[in-house]
Structures are given as C-alpha cells and as structure tokens.
2 protein chains.
Amino acid sequence: MKNKYTHHNNELTLNNVGEAVLLKGWVAKKRNLGGLIFIDLRDHFGITQLVIRPEHPQYELISSLKSEYVIEVSGTVLERENKNNQIITGQIEVDVKNLVLLNESETPVISMQEESESLEETRLKYRYLDLRRPSVQKYLIKRHEITQSIRQTLLNNKFYELETPILAKSTPEGARDYLVPSRLYEGQFYALPQSPQIFKQLYMVAGFEKYFQVAKCFRDEDLRADRQPEFTQIDVEASFITQEDIMELTEEVFANLFKNVLNKKITLPLQKMDYKDALNLYGSDKPDTRFECLIEDLTSILNGYAIPLFEGKETIRAIRVKNDKSITRKKLDEYAALVKKHHGEALAFLRKENGQLSGSIAKFIEKEDFILEDELVLIVPGKTENVLPALGALRLKVASDLNMIDETKDNLLWVVNWPLLEYDSEEQRYYAMHHPFTAPQDAHILENNPKDSLAQAYDIVWNGYEVGGGSIRIHRQQVQNLMFKTLGFSQEEIKSKFGFFVEALKYGTPPHGGIALGLDRVVMLATKTNNIKDVVAFPKTQSAKDLMLEAPDFVEPIQLKELNIKVDSKNE
Amino acid sequence: MKNKYTHHNNELTLNNVGEAVLLKGWVAKKRNLGGLIFIDLRDHFGITQLVIRPEHPQYELISSLKSEYVIEVSGTVLERENKNNQIITGQIEVDVKNLVLLNESETPVISMQEESESLEETRLKYRYLDLRRPSVQKYLIKRHEITQSIRQTLLNNKFYELETPILAKSTPEGARDYLVPSRLYEGQFYALPQSPQIFKQLYMVAGFEKYFQVAKCFRDEDLRADRQPEFTQIDVEASFITQEDIMELTEEVFANLFKNVLNKKITLPLQKMDYKDALNLYGSDKPDTRFECLIEDLTSILNGYAIPLFEGKETIRAIRVKNDKSITRKKLDEYAALVKKHHGEALAFLRKENGQLSGSIAKFIEKEDFILEDELVLIVPGKTENVLPALGALRLKVASDLNMIDETKDNLLWVVNWPLLEYDSEEQRYYAMHHPFTAPQDAHILENNPKDSLAQAYDIVWNGYEVGGGSIRIHRQQVQNLMFKTLGFSQEEIKSKFGFFVEALKYGTPPHGGIALGLDRVVMLATKTNNIKDVVAFPKTQSAKDLMLEAPDFVEPIQLKELNIKVDSKNE
C-alpha cells in the first residue's frame, strides 16, 4: 500500500540530509523565533521539526496555522543547529518548500500535551482527542502487539481461531446477563455471553480438538477499577490433553509475550503454589509474591498467655514488618478498619524498639523472643476462613505504605489444587467453586468425601492479579451425574438449568479442558497502569456509561413497540 | 504442547510400518470379518484403520464398542492387505495391542455419514454432532484459514488490529438496531453496532492511521439465505490515503487469500466497472461476469414498429440467449412473473427457429435481422430504473436454468463511480446512497449539480455477490456542511442525528477512508456453498432462532424488573 508520504515523522536522521521528503501530520507546536517559524509536525509515529523562512511565499498562511491543523509538507532535510538528543529526529529539520493545508481544527477542548491536566470525565467525553496523545496511544499499540503475540503462539501450536455467537442465551448461574429483546418472539430475549464456555466445550464435542478465540464477554455487574461491562478474553480449549499440557501452553504464551513485546524474560516453568499455601501464607488465592511478609501462625505461642482478645479463638495469625515511623497510631486504626472490612474480628499489634515491647497486647507478653528488635507484628485472631483474607488484605496495604514492592518485577505463578466444592453452611449444600463442569482430581473422593475433593483447576496470577483461569472439564456422564448429585440437583433442575449442554455430553465427548486469559488485565499489567480504562479504546465509566457516545440513551417509542417491551418505571 | 497421541489419524503411511503408535479418536465404523474386527478411527484430521484379532485379551470389550465411542489405542503399524487408495492412511492398519475406552456415546440422533439425510432443523438442533462430519468441519477450517490470511496481509501492511465496543448507541439511520436495556439508567438502552463505522473514523481522528478489526456486526432485519442477524466484517480504515490505495490493499488481501488458502490465482489489477455500465449491461450493481448475455438497448430498433406493448415507453431493453427447448411457454410465464416481481412492466419475447420468427410480438416485426437463427430474445419495456434491474434478475435466472455459469470460475471486480445521492421523487429530497460521510469526487459538482455528483466509493464483487464496500470519507467541515445542506438537514437535525461525531470532525480530522469485507460471504464464495449457515459455527434460522441453544427464550421476571422493562403484549 502506497501512502503518499515519503517518511513517518519518527524516521529522518542525519543520514537523510539533502533528501527531498513529503511529510503529513498534525501541527503539535508552532514558534516564531526572529521571523523563523518552527513547527513540530506530529503523526502516529513521532515528531519532525519543520522550519519556514520569512521569505517563504506561503509565510502568511503558515503564520496562521493553529494547533492540530492537519498539513502536508514537501521540503529538504537539513542538519539542525540546535540539536535535540531526546528524539530520533532531533538532529535534523525539514526546510519547507510547499505546504498543503489538509484540514483545520478548532482549539482542542482538552490539552494535547503529554501531561494532561484535564478531568477524566472530559477526557472520556473527548476520547478521540485524548487518544491523540502518544502516551495514551501507546496503551492500545501494546494491546495490539500483545494480542498478536498470544495469537501467534496459539497458531504455532496448531490451534484454530473459531467464532462463537454474541446473541446467545441467558445462563442460570453466574453473573447478571445483558439481555437483548427479540422482535420476532414476544417476551423472549437473547443474552450476551458472559464467556464462550459452553460453545468452546461444544467445539470439543464436535471434534475440533484445538480452539481459541479473542472473545468479547459481557457482565452486567457493578464495576470496579479493574472491570468493564464488556471485556476481552483469550479463550482456549483443547481435547485429549491434561492439566499439564494447558499449563505448559499458557507458559509458552506468556514467555513469548514477555520476550517479543516487553523485551523481558520470565523463567519457566512458573512456580506452582497450592491453593491452601496461597491462603495460609499470602491470605489470598492470587498471591503477590513480589515481596515476602508471609502470614505466620502464632496460635501456639500466644495461646500460652491469658490475652482476653484471643481467648477461645480458633487461630491467631500475624504478619511482621519493619517498625517504620510512618505507621502511626492513626495508621494502625486505619489497618484495624481494613481488617474489619475483610471480616477479621480485631487487630492487635506488638512492636519492639530499643528492646522495649509496646502495643495493644504488650502487657500480657512474658517471653518476647518471637519478636525481633525494630519489628512490628500485626495480629488477627478469629476463624481461619476470616483471619487469612483479612491478613492478606492488610499485607498488601502495608506493603504499599512501606514501599515494599519492587514495581519493576513481574512475578507470575500458578495456583493449583483448588477445592472442587465450597460448602455453604447456611444453606447446608455444596456449590461448585468454579462451575459444575470442572473435573475432580479423583472421582472416588468426590463420591466418598466431597469436602476434601480437589479440582483439576488452575489460575495464573501476575503480580497479585488473576490474569487467567481454567480447568479440565468433566467428560464422562457418570462423573457428571455424581457431581450434580453432590450439588443436590434434581433431574428437573439439571434439565432446566443445563439442558441441551448435558444432552451434548452424551454423544462421545472427548477428554478436554482449557483456560481463559483476561486480555484487558494482561495489558494493564504489561503496561504497568492500574486503570483498566487506559487499555480500552472506548471505555465505559464505573456506572457503565460511554460519555463520548452518550450511551445508553433513550430510543424512539417505535423501537420499543417493535420489540414488544415497554419501560416499567419505578416511579409509577 | 505435548498431546499424548503419537500421530493424528491422517498421518500413518507405509513409512511407519513397524512403529509403535498411540492414537485417539472416535469409532467411525466397526466391522467384523470372520472374527477380525476392523475399526475406522476418526479424529479431526482423518481416519486410520485399526485391526483387532480374535485372540486379543480385550476382544469382548472391543466387540461391544459402538459408533462414536471415544477410544485411545496403542499398537503397531502394519502394511494392509486390501489397500485403499482414496485416503492417505489407506496403505496401513494398526494392529491394536491395548485399548482404553475414554468415553461412551448414545446412538447419535443424526447420521454421522458424510451425506446426511437429516433435516436442516434437526442438524441445527444437534449442531455439535453435525459439526463432527469432516465435510461440515471443512467450512469452519477454511473460515479460520481465510481470516488468518486476511489478517496477515493487513499486518504486513502495518495495520493495527484494534477493538471497538459492542455496547454502543442506536443510530438514527440504517437498519433496525438490536437494543440492550440499561439496568442503571431507567428507560435507556445500548444498541449493538451495525458496523464499527463511527469508531473506525474516530480512530482516524485520534491519529491511529491504519486500523483493522475482525468485527461482529448486528442487524435486526428479516433474514435472507445470505444474511445472519450477527455477521462478521473485516473492517479497515486508513488516513492520508486515496481510493486507489484502499483498492490496491484490498486486491492484495484477495490475491493472498486465493494463493495461500484456495491454491488459485487471480489476476491483478481487478477489472474496474463503472456503476452505470454495471447497471446498463448487467442490470445490477453487483454484476456476475462469469457469463456474457449482456443487456442490449433495442429502443431505436423496436420503436420503429407500432407495437402496442412498447408504445410511449422510455426504453426497451433485452437479453438474448440460446433458444433452448427447456424454455417452454410455462417457463416464459415464470420469467414474466420474475420481471414483474422486480418492478418490470412486462416481458415480451421473440425466437427464431428454422428462419421462422415466433413469440409474443412476432407479428409486428418486419425486418428481423437483429435476431439470429436459434436465438431467444427476452424484452422488457418501461422506465430505465425499473427495466434494468428486472432484466438483471432475469439474466441470472436464465443463466442458471441454461447452465451458462462456469461454477469453477472466480470473477472479482470493482464497481466504481457510484452516484453520491439518490433522489426520492415522492419525498422530493436527496438521500445519501451510502452514508452522509461519503466524500464526493468533486465538491463543486455537489454544490452546483447535486444529482450528477459521484462518490469516492467502491464495492468489490465476487461472482455476483457484493463481498465488500467502502469509500473515502468527508474530512473537511465545509464539505460536510454542504452535504448536510444538500440532504436538507437543519442544524438541530444534524445535532440530534449525528451529534458527537460531527463535533469530532472539527478537531483536525485527517483525510481518510476504508473498506469493509463481509467475512461470511467471502467464506461462502471461497467454499462454493450457497447457504451462509454452512460457514457459521452456530447459526440462526431465517427467523433468528438458535435451535440448539433454544434462544431467544423467556427469562426470569426479576431480570426484567432489574432492567426496568416489561413485556408489552400485543394481545392485551
């Protein structure tokens, strides 16, 4: 494809001096220095300096150019007097012979400078201008590169990239669905898929053996900073494979991504951590291993003293950190609130300074050799299932406060040996920890001792974020029936909840399994931003609004009439 | 990625004789010949014959295997006695040492044979079984290969693959939108995009310069055989380019597709046909040039005779074909009905056999040298705008009836020089032939003589199907305002209809344009099927139903309540 420019604006160097060139782009900056006009011409790739002399026949026109005007210039490359070593083209400038004004621009509503001061709301409304800034474009270019790298690894492994429907069906469990009213069937609805899970398993039933897709998924949930109502998933499924095969493939995907896109190296195989170790040591099923500060069990030590706060508690766990001055009494109150927010009962603390023990429970402690000089020990008593997540959250908070995290590090690891089931003691029934199609490691244990049953499931974690998860699926009817029985489903419930999919499993389903990677999160971590909106071209706000499109919006009454629906006002 | 099989079932040949192998797959066929059991083992790639001898310790188990059971076998490759030269593995068989039953299967509801007799409805309901047949899988594998080939050409040309939202906004013109009720904003709706048109133009405004996407698009229209409610579009846009650049790029896309996927060659550059020639000669804006039979203007010849049917008609046009016996009186009635269906006024005909002229208007003709021996001339009088499409439709029908089309041919061409506007004489106003952002070839003609204004628009046609279309877009405000003025829009209408997009054009929009290719149609033509459902993994019926999912479907009342909508029954 021939574009009519001779070079991008990041290309010209001293090697090009004397050449006649044609450039196109936007007026990024214009200065007049003693009659000489200098223009920074910007395109997607970079910036080239133009120079226009006072005797130029178009001098008047060029003087009137404003920021963000689109121009085309032909001219000659000259060596620059005042060189700029910050940019590739800093050694040269282009002496403009002829200029064509391709388009004008009103004064941009938001600043086009790299460090924009504009409010996020304004930037989202004028996203097409915000995206013009090279630092913002960079996120989407990386997204492109990452997607291609992942795709290439899967293609190298002979996976087919296959599509699945967007107009699908509401699923009985999981998150809230986005619905689409049907015009032809009154009162009926399609649903946008929360993931292509069912379809990719059907591809396996159909014998396609190796499937992947860069798939759009939809969840109508209240949003957090790392969630969007529509998100993109690298969806993978294969037949005749084991958990190890999928993990090895995924590691190859990440190793290539680091090597080819991020110019970094990760060491394979990745660490594999047991789910129960992740919880016991990090208080999280997505442990951030970039820093130590592991959770310790102080039950046997502290139970020796008659500390009223700890009396009759199932467990007493703690993390120990440097006794930093920044951890004030006020800070500790904040930590106590955080612990409570995560269902911890209380936070006790001990510090040792100049051999002196202090802190909320210091007066009870007789033998203090479990705490070192200059240490602060943060202690949470209670039920294990509450204590661990509370300390996990506290661990992250303290690490952030004390700058314990090396942000240049990229720690990836697997969490494996997940429980298959969760027991809900209120409802007195089991729930599937992932979904009811996840295969148990041992069907006999599922039958005889369901609460100890482990799943053939695996999550991949990057710097404390879950960036992917998958499992081997149940492919045998007997095991599937056992699973449903354990979950307490009746035959009618199975039919109504899982219908045609259970039917499909009857016809010679091969052993299969897969994984799904959250592309948005992967890009977020790869580009070291913590706002998912940065890596989505046209993102929605926390309240699922597109400020640029002004969507959602009201529609014409005829549209609703055709769809056989009407608005059911809460105010009526 | 290590799979635990040693070979796919299309791999073993005489070169492997004596090797120990491990194979996996489905029991496609099983026969017992004098105690020897032969099994055709099928996987995604092909079939390998297994042989089990009567003395085999698992003989009883193997005897009980049924069609579509999933098995794993280890054994030794032997040269076959009765060779089959139809398949790659036809020279060998595998002497089974050990067999593992991976899964059982109920008797499939639809035939697994290549030539399925099952009804389309049944096949769609059990699509996962239908897809197991190699001939059906082939369509989706080609789809995968075609998509990768197109992507690779665009990547080679430095295009970025960038995503756009699915939860977007209802557009005021165009086809009917699929709507998605918002839970958080009562009475408001998202719309699924009919195409990413606005977003790709915004990528250009934002300076991304070269964009493409394999994009899902949605139209809630009544369906035809070559349409689905959701379809996939290869969406392309670039800045600082001309119509020729986009056409050249598209030709490279198709040349690579033919070469790399179809093992065929197309000659570049493709033919470029004027829109008005397409209409005048083929009666269609998507001419099928695989056969001649061009439309001729017989006005001056036939106006010489006083033929009542032709009196006062604007034009008289005709096609001439071989006077085939199969074109009976009944057939001609059928043709006359077809002409009327396409708004033609009437069909007259003339045939010459053994020097004798016959036909509906034969008695009026004095000088018959315009019709040759053994010819049949089919004549339609009336208004040019009605006559040409009617003859275009008739031309296709006759060609099909007389087997005039060489189905092995692949004729691709461009239709160019489209009118910019269509005049609606009832409403006495102009409409944009494509959309109001399509650039005119000459803004002065648009200003002074709008009905003669041509567009910088281009469609690519393959064997009479439009497989893509695009245009250079308006990038200057003055031209955009002129266009809106010509279309008769008030300032308020512009704001309400095109809102933020017109706003975006103000801020230094670069010259840009693009194209969109209909992937489903491309695959349909590449695989020589005429049913679009063949090339879609999980298709919907003509009435937009997914028979496998049973979607659309009723949902729980709570779901509608949360979305602030209720069903507005037509029966109430």
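Because the structure is a prediction, the values reported are computed rather than measured. (Residues numbered from 1 in each chain as written. Chains lettered and ligands numbered in written order. Predicted model: local features only at pLDDT ≥ 70, side-chain atom pairs only at ≥ 80, totals over all residues. Heavy atoms only, no water.)

A. Structural detail: the overall build of chain A. Scanning chain A from N- to C-terminus turns up 15 helices and 23 strands. The buried share among the 572 residues of chain A stands at 58%. Taking the intrachain contacts of chain A between residues at least 6 apart in sequence as the baseline, contacts between residues at least 24 apart amount to 65%. A gap of 2 Å separates the mean positions of the 72 positive and 85 negative side-chain charges of chain A. (Helix = DSSP H or I, 4+ residues; strand = E, 2+ residues; numbered from the N terminus. Buried < 20%, exposed > 50% of the residue type's maximum accessible area, 1.4 Å probe, protein only. Contact = heavy atoms within 4.5 Å. Lys, Arg positive; Asp, Glu negative; His and termini not counted. Charge placed at Lys NZ, Arg CZ, Asp CG, Glu CD.)

B. Representation of the packing of helix 4 (residues 134–156) of chain A against helix 6 (residues 243–260) of chain A within the structure. Residue and element names in this part refer to chain A. Orientation of helix 4 relative to helix 6, taken along the N-to-C sense of each, is 140°, at an axis distance of 9 Å. Of the possible angle classes, the one that applies to helix 4 and helix 6 is oblique. When you trace helix 4 past helix 6, the crossing you get is right-handed. Contacts between helix 4 and helix 6 involve Ile-146, Ser-149, Ile-150, Thr-153 and Leu-154 on the former and, on the latter, Leu-249, Glu-252, Val-253, Asn-256, Leu-257 and Asn-260. Split into classes, the residues belonging to the contact of helix 4 with helix 6 amount to six nonpolar, four polar and one charged. (Axes fitted to C-alpha atoms, helices over the stretch in contact; angles between N-to-C directions. Parallel < 35°, antiparallel > 145°, perpendicular 65-115°, else oblique. Left-handed = near helix turned anticlockwise from the far one by under 90°. Nonpolar A, V, L, I, M, F, W, Y, C, P; charged D, E, K, R; others polar.)

C. Examining the relation of the copies chain B and chain A more closely. The operation relating chain B to chain A is a screw motion whose rotation component is 180°, with 0.0 Å of axial translation and a residual RMSD of 0.1 Å. Accordingly, the operation relating the two chain copies is best matched by a two-fold axis. Mapped onto chain A, 100% of the interface residues of chain B again fall at the interface, so both copies present the same surface. (Least-squares fit on C-alpha atoms with pLDDT ≥ 70 in both.)

D. Quick look at the pattern of salt bridges. Taken as a whole and judged by the stated rule, the model has 90 salt bridges over all chains. In this structure, A:Asp410 and A:Lys264 form a salt bridge, with 2.8 Å as the shortest nitrogen-oxygen distance. You can see A:Asp410 sitting in the loop between helix 10 (384–401) and strand 17 (412–416) and its partner A:Lys264 sitting in the loop between helix 6 and strand 11 (271–274), a full 146 residues away along the chain. A relative accessible area of 15% means that A:Asp410 is categorised as buried. Residue B:Asp401 pairs with B:Lys331 through a salt bridge whose shortest N-O separation is 3.3 Å. A residue pair is termed long-range when its members are at least 10 positions apart, and B:Asp401 in helix 10 (residues 384–401) and B:Lys331 in helix 9 (residues 329–341) qualify at 70 residues. On the basis of relative accessible area, B:Asp401 is assigned to the partly exposed category, the value being 24%. (Salt bridge = Lys/Arg side-chain N within 4 Å of Asp/Glu carboxyl O.)

E. Examining helix 6 (residues 243–260) of chain B more closely. The terminal C-alpha atoms of helix 6 of chain B, which comprises 18 residues, lie 26 Å apart, in line with the 26 Å expected from a rise of 1.5 Å per residue. Among the 18 residues in helix 6 of chain B, 13 count as buried, and that is most of the element. (Expected span 1.5 Å × (residues − 1).)

F. Layout of the side chain of A:Asn323. All names here are of chain A. By secondary structure assignment, the location of Asn-323 is in the loop between strand 13 (315–322) and helix 9 (329–341). On the basis of relative accessible area, Asn-323 is assigned to the buried category, the value being 11%. Looking at Asn-323, its side chain comes within polar contact range of the side chain of Arg-351, at 2.8 Å. When near neighbours in sequence (up to four residues on either side) are disregarded, Asn-323 contacts Arg-351, Lys-352, Glu-353, Asp-374, Glu-375 and Leu-376. (Polar contact = N/O pair within 3.5 Å; in protein donor to acceptor, adjacent residues only side chain to side chain.)

G. Just the sheet that holds strand 2 (residues 36–42) of chain B, in detail. Residues and elements named next belong to chain B. One closed barrel holds the five strands; their spatial order is 1-2-3-5-4, and the pairing between them is mixed. With direction set aside, neighbouring strand axes in the sheet form an average angle of 55°. Where strand 1 (residues 20–33) lies against strand 4 (residues 70–79), seven bridges are found, and the strand directions are antiparallel. Bridge assignment links Lys-24 to a residue of strand 4, and that residue is Glu-72. (Pairing = 2+ DSSP bridges.)

H. Layout of unusual backbone geometry. Here the bond from A:Ala551 into A:Pro552 is cis, since omega is 0°, no more than 30 degrees from zero. In this fold, A:Pro552 is placed in the loop between helix 14 (519–526) and helix 15 (557–562). The step from B:Leu268 to B:Pro269 runs through a cis peptide bond, and the omega angle for that step is -10°. You can see B:Pro269 is positioned in the loop between helix 6 and strand 11 (271–274). Of note, the phi angle at B:Glu68 is positive, near 75°, even though the residue is not glycine. Here B:Glu68 shows up in the loop between helix 1 (59–63) and strand 4. Backbone geometry at B:Phe240 places phi at a positive 60°, although glycine is not the residue there.

I. Representation of the environment of A:Val77 in the model. All names here are of chain A. With respect to the helices and strands, Val-77 occurs in strand 4 (residues 70–79). Measuring from C-alpha to C-alpha, the distance between Val-77 and Thr-250 comes to 48 Å, with 173 residues separating the pair along the chain. Those residues within four positions of Val-77 in sequence are excluded, and the remaining contacts are Leu-12, Thr-13, Asn-16, Val-17, Gly-18, Glu-19, Val-21, Ile-92, Glu-93 and Val-94.

J. Fine view of the nonpolar core. By size, the foremost hydrophobic cluster in this structure holds 214 residues, and its most contacted members are A:Phe254, A:Trp462, B:Phe254 and B:Trp462. When neighbours within four sequence positions are excluded, B:Phe254 is seen to be in contact with B:Ile266, B:Leu412, B:Ile460, B:Trp462, B:Val467, B:Leu517 and B:Val522. (Core = buried A, V, L, I, M, F, W, Y, C linked by side-chain atoms within 4.5 Å.)

K. Focus on empty space enclosed by the protein. Under the criterion given, the structure shown has 13 cavities of 30 Å³ or more. Of the pockets and cavities examined, the largest cavity occupies roughly 550 Å³. Breaking the lining of the largest cavity down by element, the ones donating at least two residues are helix 4 and strand 9 (210–218) of chain A together with helix 4 (134–156) and strand 9 (210–218) of chain B. (1 Å grid on protein atoms, 1.4 Å probe; cavity = no way out; pocket = protein on both sides within 12 Å on 5 of 7 lines; lining within 4 Å. Points joined across faces, edges and corners; volume = space filled by probe spheres on them.)

L. Structural view of the UniProt feature "binding site: L-aspartate" (unreviewed entry) in chain A. Residue and element names in this part refer to chain A. Taking the UniProt record as the reference, the feature "binding site: L-aspartate" (unreviewed entry) is found at Glu-173, Arg-219, His-434 and Arg-473. Mapping Arg-219 onto the fold places it in the loop between strand 9 and strand 10 (230–239). When sequence neighbours within four positions are dropped, the list of residues in contact with Arg-219 reads Ala-175, Arg-176, Tyr-178, Gln-194, Pro-229 and Phe-231. Structurally, the position occupied by Arg-473 is in the loop between strand 21 (465–472) and helix 12 (477–486). On the basis of relative accessible area, Arg-473 is assigned to the buried category, the value being 3%. Among all residues touching Arg-473, those that are not within four sequence positions of it are Gln-197, Lys-200, Gln-201, Glu-237, His-435, Phe-437, Ala-439, His-512, Gly-513, Gly-514 and Ile-515. (UniProt positions renumbered as here; feature names shortened; annotations may be inferred.)

M. Broad picture of the pairing of strand 1 (residues 20–33) of chain A. Residue and element names in this part refer to chain A. Direction of pairing for strand 1 relative to strand 2 (residues 36–42): antiparallel, over a ladder of seven bridges. Opposite Trp-26, over in strand 2, you have Arg-42 as the bridge partner. Linking strand 1 to strand 2, which pair antiparallel, is a turn of two residues; within it Gly-34 sits at a positive phi near 55°.

N. Fine view of the interface of chain B and chain A. Taken together, the contact between chain B and chain A spans 130 residues of the former and 130 residues of the latter. For the pair chain B and chain A, the summed buried surface comes to about 12400 Å²; carbon and sulfur atoms form 57% of the total. In this structure, the connection of chain B to chain A is made through 16 salt bridges. Between A:Arg183 and B:Asp220 there is a salt bridge whose closest N-O contact spans 3.2 Å. At the surface where chain B touches chain A, the tally comes to 69 residue pairs in polar contact (both at pLDDT 80 or more). Ranked by the residues each element gives to the side of chain B that touches chain A, the list is headed by helix 4 of chain B, at eight residues. When the residues that make up the side of chain B that touches chain A are grouped by side-chain class, the tally is 65 nonpolar, 28 polar and 37 charged. Pairing analysis gives three bridges linking strand 23 (residues 565–567) of chain A to strand 23 (residues 565–567) of chain B, with the strands arranged antiparallel. Across the sheet, A:Lys566 pairs through a bridge with B:Lys566, a residue of strand 23 of chain B. (Buried area = accessible area lost by both parts, 1.4 Å probe.)

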